[in-house]
Amino acid sequence: MAFIPHTAADVAAMLAAIGVARIEDLFAEIPPELRVKSLAGVPEALNEMEIGRLMSARARADGIALSFLGAGAYEHHIPAAVWAITTRGEFYSAYTPYQAEASQGTLQLIYEFQSMIAGLTGMEVANASMYDGASATAEAALMAVRANRKSRSARILVPQTLHPHYRQVAVTTASNQGLKFEELPYGTHDGITAADALARYEGQDVTALVIQQPNFFGRLEEVDALTDWAHARGILVIAVVNPTSLALLKPPGEWGARGADIAVGEGQPLGVPLSSGGPYFGFMTTRMEYVRQMPGRIVGRTVDSTGREGFTLTLQAREQHIRRARATSNICTNQGLLMTAATVYLSLLGPQGLMRTAAAAHARTRELVTALTRVAGVRAAFAAPCFHEAVLQLDRPVAPVLEALAVRGILGGLDLAGYYPELGHALLVCATETKTSADIERYRSVLTEAMQSVRAA
Amino acid sequence: MAFIPHTAADVAAMLAAIGVARIEDLFAEIPPELRVKSLAGVPEALNEMEIGRLMSARARADGIALSFLGAGAYEHHIPAAVWAITTRGEFYSAYTPYQAEASQGTLQLIYEFQSMIAGLTGMEVANASMYDGASATAEAALMAVRANRKSRSARILVPQTLHPHYRQVAVTTASNQGLKFEELPYGTHDGITAADALARYEGQDVTALVIQQPNFFGRLEEVDALTDWAHARGILVIAVVNPTSLALLKPPGEWGARGADIAVGEGQPLGVPLSSGGPYFGFMTTRMEYVRQMPGRIVGRTVDSTGREGFTLTLQAREQHIRRARATSNICTNQGLLMTAATVYLSLLGPQGLMRTAAAAHARTRELVTALTRVAGVRAAFAAPCFHEAVLQLDRPVAPVLEALAVRGILGGLDLAGYYPELGHALLVCATETKTSADIERYRSVLTEAMQSVRAA
Amino acid sequence: MTAREKVIFEYSRAGRGALDQWPAPVAAAALGDLPAGLRRQRPPLLPEVGELEAVRHFTRLSQLNFSIDTHFYPLGSCTMKYNPKACNQYAMLPEFLARHPLAPESQGQGVLACLYELQEMLQAVSGMEGVALSPMAGAHGEFAGVAMIRAYHRARGDLKRNEIIVPEAAHGTNPATATMCGCVVREIPVTGSGDIDLEALKAVVGPQTAGIMLTNPSTLGVFERSIAAVARIVHEAGGLLYYDGANLNAILGMVRPGDMGFDVIHMNLHKTFSTPHGGGGPGAGAVGVGARLLPFLPVPVVGKAGERYRWLTEADLPQSIGRLSAFMGNTGVLLRAYIYMRMLGREGMRQVGEYATLNANYLLKCLQDAGFDAAYPQRRASHEFIVTLKRQARELNVTAMDFAKRLLDYGFHAPTTYFPLLVPECLLIEPTETETKDTLDAFVAAMVRIQGEAEHEPSRVTSAPHTMPVRRLDDVRAARQLDLTWKPTAQP
Amino acid sequence: MTAREKVIFEYSRAGRGALDQWPAPVAAAALGDLPAGLRRQRPPLLPEVGELEAVRHFTRLSQLNFSIDTHFYPLGSCTMKYNPKACNQYAMLPEFLARHPLAPESQGQGVLACLYELQEMLQAVSGMEGVALSPMAGAHGEFAGVAMIRAYHRARGDLKRNEIIVPEAAHGTNPATATMCGCVVREIPVTGSGDIDLEALKAVVGPQTAGIMLTNPSTLGVFERSIAAVARIVHEAGGLLYYDGANLNAILGMVRPGDMGFDVIHMNLHKTFSTPHGGGGPGAGAVGVGARLLPFLPVPVVGKAGERYRWLTEADLPQSIGRLSAFMGNTGVLLRAYIYMRMLGREGMRQVGEYATLNANYLLKCLQDAGFDAAYPQRRASHEFIVTLKRQARELNVTAMDFAKRLLDYGFHAPTTYFPLLVPECLLIEPTETETKDTLDAFVAAMVRIQGEAEHEPSRVTSAPHTMPVRRLDDVRAARQLDLTWKPTAQP
Ligand SMILES: Cc1ncc(COP(=O)(O)O)c(C=O)c1O
Ligand SMILES: Cc1ncc(COP(=O)(O)O)c(C=O)c1O
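I will try to describe carefully the structure that is included in this document. None of these values were measured; they are calculated from a predicted model.

Let's talk about the packing of aromatic side chains
Counted according to the given criterion, the structure contains 42 aromatic pairs over all chains. With a centroid separation of 5.5 Å and 85 degrees between ring planes, the pair formed by C:Phe72 and C:Phe443 is classed as edge-to-face. With C:Phe72 in the loop between helix H1 (51-63) and helix H2 (85-91) and C:Phe443 in helix H13 (residues 437-456), the pair connects residues that are 371 residues apart, well separated along the chain. Summarising the burial analysis for this pair, C:Phe72 and C:Phe443 share the class buried. Taken together, the ring pairs in this structure connect A:Tyr186, A:Phe216, A:Phe217, A:Phe382 and A:Tyr420 into an aromatic cluster. Directly above the ring of A:Phe68 sits A:Lys435, whose terminal nitrogen or CZ lies 5.9 Å from the centroid.

Structure follows, in structure tokens:
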């Protein structure tokens, strides 16, 4: 009965009250020729036990592999408390806190989230979440066009070291509004944005520069120099950052002399399971001066009619339900529940725990690179330091090697052939605090076999 | 740090306030020679991620088999809502509702539980749970001795068809108080308590008669006749019942002309996972006239100082914390959380859902018996109807057959050889609503092979 | 008496922490390769609390919320129906949670099978030819839809079509989406009986028309009776029809947007298909398209080849509008919707439509009988309906907002207020099919009592709520004296 | 304003139900074999509600509770410490939940390994020679312990030993257990400083002494300093020493009952080892024994042979007191304790003892400084301590119960009241190590404010609580007009 609690007596009484004979009569306004004849294509109902069995079987079929994949989604330990709290009905089954007095839980939590994200990024204000890191990056580009009043070009410089999917999402999202994304090349020897690539933009009207730190290869960009270069030319800086890394790396708010103008990123590492890619959440921060250009919901602290502290949605005049066609974005539903998880996660980790997590991830990745480059035919693609992720170069095609690893239960990383053909047989690998030395050793030894099973190029 | 939130500054301030230099000084009253030197035997700490990995590996090692085991613990579908509610911190981390005003949630829930259990058993009152079905049975025997003022013998008649472990627990629990358990034989042809076995107790002082329905073999006892026989002789009747079965079978409150005097049972089938045997909960009910002899907590509905309805622990004068050596039992902590789960479960199932569950379990068991007795060398042990569980007889030893099944991922049932040698190669099997026809067919076909791999006796 | 719940930073003490959650520290040397100039100098301002402090704090915070699990929540246009616990439990099986988005298809046939079948079911209930699941909310689906409309015209060389027609009652995301897609919005009025003004529509269509965005049933809570005419007018003018399917609840199993002539639709799985609203999200805004727009679907989509499922990408869909999210959108949300839809089954789909409509019409009738004014008294309610309190505002000086706040005191979440904007002092009420008649009756009783209070003791209503953790909040101050992040010295 | 939460039966409507939870109906024929005379005639009185009604009802009920996750809960003798969420999550892995108790050992090496290691760890912290895990609560462990003492004497042919000595401050389960085991209870007094009166003990021991049951630290919250003398006196008289280890928190890693001379102990895993109290249970009351009682341990116990774990039964332990539960006791609780202990590790055990003691002594000192009277002012607190309000009761007519009820208004669960019985107007306060100094300070502040109220406005205290879902309840009426089950017509 589709979670419908009506008894036959209820239905009879309700129809009588309405004054119709049958439920069917309530649909009299719908032209009969439009009525659905059949819903073939939707199978018969399963009860909870049956769907449970089906889902368990499908989950078991997918299994759990030993994974060294990163590339924008990271396996971290998620404390049990995070989802025990997050799935509480009062968070899980509430909606956007339009009725502030009956939603102080969600509202205060968003305020705390905004505070933590601002603290982490070193920025002044944060919103209550975007869809994911990629869409937040796209929205940041749109926001920069609004915020940078001096620029009229809507040209956005995007390094090729930005996650390729983020670049694609930015184009899909913003090109209809006339934004132009121009790609900045990187050095194939060092994997970071080439400083001389900037030279050709001297004197031109550019709206914003995007910088990802660490970049897609796990390499560290020269964020201070890039930021100062942009600011000196009236170009806004959009930082794309991994939140875990910020426990150790300079936050965007401190890049260069003035700090980035907008900082966004993928929130998934903060307590959100990998889940085949979602739901995750994007975070977005900026300077106070740009807050009215920011999309998304924002919570403010205020007082009630008796002077008691309370929280409420604020600056709603930016949003679609008030400003409609002139809103900063069309976003309405965001990723609230994931933001909830992140807020609990950050509370449990705190500055020290997050630092340890970042440090462990970095140390594990170094250990991984050291181990794997001991395998014949494998070397590090870039000499310089990486953070948390690294590119390896193989002497033979990556795809068959990954397949050979997969049949042995190891997901060995991401084949970069489709994304960066210029890098040759390149493989992006990642290890976080969840990997032990034994795991790494297992990868090394299985890789040794796998390499042998694939002919060198 | 063992979930200890103290900062160094906290500790310093606290020690200063107390007026000691070191925490160690707080233990000055303990004779030094008694102090622990080392705790070798307790390993080094694991963090949450590490213990999670260890437990996941151990769980995976145990796996999930296709099980046809019953014998006092039954696999039923547990609606997702049951444990989503039960593990809410407000239920999970509260204790016995001694402060009624701050525990109305637990108290009202217990009242609802008592009502449901009374409804199910057809008895007048229920308590807030005992440890498990076996210990509830033992406590019922002790209670019967208190309640049956006319009897001085403390003799309890216990059919051999009562779960063997229940009989053992009763002996362990009650024999120190001088209770004598005398076993009533059953008919090996029909698997129920032999009516003529009662004859030899005519005219003797007997305190109580225990009746399990359905009995350990899944067979249905002649509860009306047994009850009336006992009552006619001043013997109290203790019913031991499977709560699921009560949706279809006559409740103990209606047995014979007057109904059973005490009814107990294992609550596990009501939303409690199998969990290798616990935590489960025992339920216990009786007539109002014996309520002051009942062990365990009881909640009553009352009013507060403003006349508003509320709930509170009542009849505490029966309990150890008030009556001490003269309490009805030493029970203090009970199985509250499992009772919580059962209350949610019964609310979701209701009379109709529970009836369907019982009917499906019965139908599946019949289907199972029909399928398995088609295998050469397998026959039903008793011709007469069973409920929800049945005894098969094989033409060869059961243990090696079960082993052969287990390696193929099937837990085929319980070998009765150790419990009832007189039944020969007997196997107790069970199927509930969780088993599909495909599961049963799989068992049948694997059993066919397994039988062939074991030599006939 | 009980103090307010502090901001978590106020519990923080230097050096405190949930240590059991942290990995072991690594030697400083392991970080030695990180250039000093790129390292953080001061630790971030995050709370330092133990696990108990965090759990206690957030548990207490949660209790300050109304939610479906605790209260009737008739928030119009939001479909706050029950979120079955099974959907959460089975979507969170460890294997589903652990799967990396870039894991090979061979290690994901289970989840891909679910997504593929979800596409099929959504296609069946919407009457469309193809479905893509990656949009992460309704507005995101709208974006995908309008972007496909633009791509369609562009692919045909029809480059001047940049106007999107929107009825004035439309949800704010519709015009906002049109702008996001670089279109110009043309608003058209609705008639007094809630249908689109066809003459106004005819006047506005033309060679510049990219399409029209419609909700049907509209946000006025009524079925657009002239839909066939609308479709004809727009199609004849060369435009496409976009169906805002945020709220399919009332027509589920009854009418299919595809059959009404729509070219593209988004469906809010977090409404009709009961994935949780989560205090603001996540959602999922799957898009369905007719034949003309099939080539433009966003990637990735799940395809099937023989018995294997695989991702379709730009290689398969070269005209795709592209990628909308870093990976595959909100997979976990999609699994919840999948589980829900499988539990409903074919028959359940229709029942949802029937009973959502029954509940709305019953509630409307009871409120009318109790003296409240329907905005469209001559119309049937769909999944929702509008009550206007303009009489009360005029006669008693008690507004829709006052009623809304007072309802909280009676244990009901307020309906949507002041939307759609064209009905004065409106309450948009959507009971959903998962509520009992008893709950609806209790809601009516509360409304009647509030009406009585408004007549006899209006200050009780205008100063409501009285029993919430806070009284009415000062929104003006919130916007003027922005306090958006906690600072060590910040005091409100 | 908000109505009371109804009893669930009041939501019930004939024919309503959570249908998705139910198996498909089976044909009536499938039940045809059940004799009509053994069938139920009328369906049982159970509520008929949908899933939403049930979830909403129980969620609301839960919010009426105080709990560790929401409030400081310093209930003396109960060790209401934080229950880590990880313990629950990992104990509830699907495989652990699905395992049948009679499944073969081959399909249970994982869980058996945990239980075996738990036995070993409990042995290590208690200083005993063997441990059995099957008792399902503290009182059940006591029962097992005293039953072993009896079996021991009986096995030696020493049949007249049927007296159990118990100090007057003992927990009620101690004398009740002695009775359950068919023994006679002999109470002995404690001295003014909280130690056992050794002279009284000497007077009571004799050839009829089966043993003594002691808690150390005692329920007076102090360490029994003469424990060595007690052990000597009882042992010399031929009795055995039973250690009620319900509350090991303050001595964990500090002293071991085995080293103090005890022969048998039970340990409340739901206290010291943080398994949840669950609104009344479940617990787990593992028993540890010295060499003399090893043969008598209850079955089953987990043994290890080579690398395989297996159940030891009567065949291995022919002198066992027997079986205490249908299967293996509260396995799921044992897994939680195992996880907790592994997370604590060796060092963590000692820290628990240290910080539990620190918190108790700090709180005691602060309360004393604030003018409250300690029951044993000259003694150190252990994990808990007693404040007596007899002065307040005499001078202000405000009792310990009044303070307790008023504390609820201040957001604190009350301490244990009126136990132990021998201290008048007592509050037994156990803060546990998992609470912060800030929380303890806030508790003291509340006590000080209540004291102020008691002096200046005593009716606020004596009529407390004021902010709970109900005011003080009429217990007398509850016991006189028994209303123990809901009936269709019942009204309170
Ligand atoms: C009619 C209508 N359209 C669009 C939307 C936008 O959906 P979402 O909030 O998921 O972006 C909503 C949701 O509020 C809606 O009600
Ligand atoms: C000192 C003492 N002994 C024994 C017990 C009994 O333990 P349980 O409640 O687990 O049966 C308790 C618990 O309240 C206790 O505090």
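Digging into helix H1 (residues 8-18) of chain B
Along an α-helix, residues three or four apart share an orientation, since each turn contains 3.6 residues. For H1(B), the full list of buried residues reads B:Asp10, B:Val11, B:Met14, B:Leu15 and B:Ile18. Across the axial projection of H1(B), the buried residues extend over an arc of 125 degrees, all falling on one side. With respect to the buried face of H1(B), the exposed residues turned more than 90 degrees away are B:Ala8, B:Ala9 and B:Ala16. Considering only its buried residues, H1(B) is in contact with helix H9 (331-369) and helix H12 (437-456) of chain D.

Description of the pairing of strand S4 (residues 209-214) of chain D
Regular strands place side chains that alternate from one sheet face to the opposite one. All names here are of chain D. A large share of S4 lies buried, amounting to six of its six residues. In the sheet, strand S2 (residues 163-167) pairs with S4 via three bridges, with the strands oriented parallel. When the sheet's bridge partners are listed, isoleucine 164 is paired in S4 with glycine 211. Relative to strand S5 (residues 240-245), S4 runs parallel, the two sharing four bridges.

Let's talk about the interface of chain D and chain B
For interface size, the figure often reported is the accessible area lost on association. Contacts between the two partners involve 203 residues from chain D and, on the opposite side, 183 residues from chain B. Taken together, both faces of the contact between chain D and chain B bury some 16700 Å²; the carbon and sulfur share is 64%. For the interface between chain D and chain B, the tally reads nine salt bridges. Connecting chain D to chain B are 93 residue pairs in polar contact (both at pLDDT 80 or more). Of the residues that constitute the side of chain D that touches chain B, the class distribution is 108 nonpolar, 53 polar and 42 charged.

Describing the site of ligand 1
If you check the shell around ligand 1, you find 16 residues, and the closest are A:Thr333, C:Ser77, C:Gly138, C:Asp244 and C:Lys271. Ligand 1 is flanked by residues contributed from chains A and C. Contact between ligand 1 and A:Thr333: an oxygen atom at 2.5 Å from a side-chain N or O atom of the residue. Between C:Lys271 and ligand 1, the recorded distance is 2.7 Å, taken from a side-chain N or O atom to an oxygen atom.

Definitions and cut-offs
- Residues numbered from 1 in each chain as written.
- Chains lettered and ligands numbered in written order.
- Predicted model: local features only at pLDDT ≥ 70, side-chain atom pairs only at ≥ 80, totals over all residues.
- Heavy atoms only, no water.
- Phe/Tyr/Trp six-rings, centres within 6.5 Å; stacked < 30°, edge-to-face > 60°.
- Helix = DSSP H or I, 4+ residues; strand = E, 2+ residues; numbered from the N terminus.
- Buried < 20%, exposed > 50% of the residue type's maximum accessible area, 1.4 Å probe, protein only.
- Lys NZ or Arg CZ within 6 Å of the ring centre and 35° of its normal.
- Arc of directions from axis to C-beta.
- Contact = heavy atoms within 4.5 Å.
- Pairing = 2+ DSSP bridges.
- Buried area = accessible area lost by both parts, 1.4 Å probe.
- Salt bridge = Lys/Arg side-chain N within 4 Å of Asp/Glu carboxyl O.
- Polar contact = N/O pair within 3.5 Å; in protein donor to acceptor, adjacent residues only side chain to side chain.
- Nonpolar A, V, L, I, M, F, W, Y, C, P; charged D, E, K, R; others polar.
- Near = heavy atom within 4 Å.

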